[in-house]
Amino acid sequence: MTDVVLDPDETPAPETWLEEVCDALHMKRKVLAAVTPSIIDLVHHVADSPGDQDDAPMTAFLIGFAAAKDGDFSAESVQARVNVVARTLDKHR
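I will try to describe carefully the structure that is included in this document. (Residues numbered from 1 in each chain as written. Predicted model: local features only at pLDDT ≥ 70, side-chain atom pairs only at ≥ 80, totals over all residues. Heavy atoms only, no water.)

### Topic: the nonpolar core
A general feature of soluble globular proteins is that nonpolar side chains tend to end up buried together. Here is the rule we go by: For our purposes a nonpolar core is just a set of buried Ala, Val, Leu, Ile, Met, Phe, Trp, Tyr and Cys residues, chained together by side-chain atoms within 4.5 Å. Only protein chains enter the accessibility calculation, which uses a 1.4 Å probe. A residue is then buried if its area is under 20% of the maximum for its type, exposed if over 50%, and partly exposed in between. A run of H or I in DSSP counts as a helix once it spans at least four residues, and a run of E counts as a strand once it spans at least two, with each numbered from the N terminus.
In terms of nonpolar packing, the biggest core is built from twelve residues, these being Val-31, Val-35, Leu-42, Val-46, Ala-56, Ile-63, Ala-67, Phe-73, Ala-75, Val-78, Val-82 and Leu-89. When contributions to this core are tallied by element, the ones reaching two or more residues are α2 (29-48), α3 (55-70) and α4 (75-90).

Below, the structure is given as structure tokens:
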């Protein structure tokens with residue numbers, strides 16, 4: 001289930017590309033705001049790790065894909081997935 005914005009007229013115009021994408025996917029921007037710092041940090045660490053550079057954006061995608069699979073798009077759920085991936089990454093350092 002998506003986190004649908006119920007009244008688009010009450011949602012301010014998007015100021016960033018990511019807000020525009022959230023609106024297009026009917027997801028609340030507050031979830032994006034809550035998880036952006038940790039996802040950016042994780043993607044940065046993946047990009048700095050040995051391996052394919054394409055692994056970094058795909059890691060972020062997989063976190064979202066896992067949330068979709070389970071149907072839980074809450075900030076807490078996404079953060080829990082970020083934590084799992086971060087612990088997995090730590091094993092490779």
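So much for the structure itself; the text now carries on.
### Quick word on the side chain of Thr-59
Rule in force here: Contacts are assigned to residue pairs with any non-hydrogen atoms lying within 4.5 Å of each other.
Along the chain, the position of Thr-59 falls in helix α3. Ignoring any residue separated from it by four or fewer positions in sequence, one finds Thr-59 in contact with Leu-42, Val-46 and Val-85.

### Concerning the side chain of Arg-29
Counting through the fold element by element, Arg-29 comes out in helix α2. The residues touching Arg-29, leaving out its near neighbours within four places in the chain, are Thr-11, Pro-12, Ala-13, Pro-14, Glu-19, Cys-22 and Asp-23.

### A word on the pattern of salt bridges
Where charged atoms of side chains with opposite charge meet at close range, the side chains can pair. Quick reminder of the rule: For this document, the term salt bridge refers to a Lys or Arg side-chain nitrogen within 4 Å of an Asp or Glu carboxyl oxygen.
Under the counting rule described, the total for this entry stands at four salt bridges. Two residues, Arg-81 and Asp-70, come together in a salt bridge whose shortest N-O distance is 2.6 Å. Placement of Arg-81 in helix α4 and of Asp-70 in helix α3 is noted, with a sequence separation of eleven residues between them. The buried category is assigned to Arg-81, whose relative accessible area is 14%. Connected through salt bridges with shared partners, the residues Glu-19, Asp-23 and Arg-29 form a single ionic network.

### Quick word on the packing of α3 against α4
To be explicit about the condition: In this analysis an axis means a line fitted to C-alpha atoms, helices contributing only their contacting stretch, and an angle means the value between N-to-C directions, from 0 to 180 degrees. Note on angle classes: values under 35 degrees are labelled roughly parallel, values over 145 roughly antiparallel, values of 65 to 115 roughly perpendicular, and the remainder oblique. Note on convention: near helix rotated counterclockwise from far helix by under a right angle means a left-handed crossing. Clockwise means right-handed. Only Asp, Glu, Lys and Arg are considered charged, only Ala, Val, Leu, Ile, Met, Phe, Trp, Tyr, Cys and Pro nonpolar, and every remaining residue, Gly among them, polar.
It is the contact of α3 with α4, at a shortest axis distance of 10 Å, that shows an interaxial angle of 130°. Taken together, the axes of α3 and α4 lie oblique to each other. As for the relative orientation of α3 and α4, their crossing is right-handed in sense. Contact residues: Thr-59, Ile-63, Ala-66, Ala-67 and Asp-70 in α3; Val-78, Arg-81, Val-82 and Val-85 in α4. By residue class, the composition of the contact of α3 with α4 is six nonpolar, one polar and two charged.

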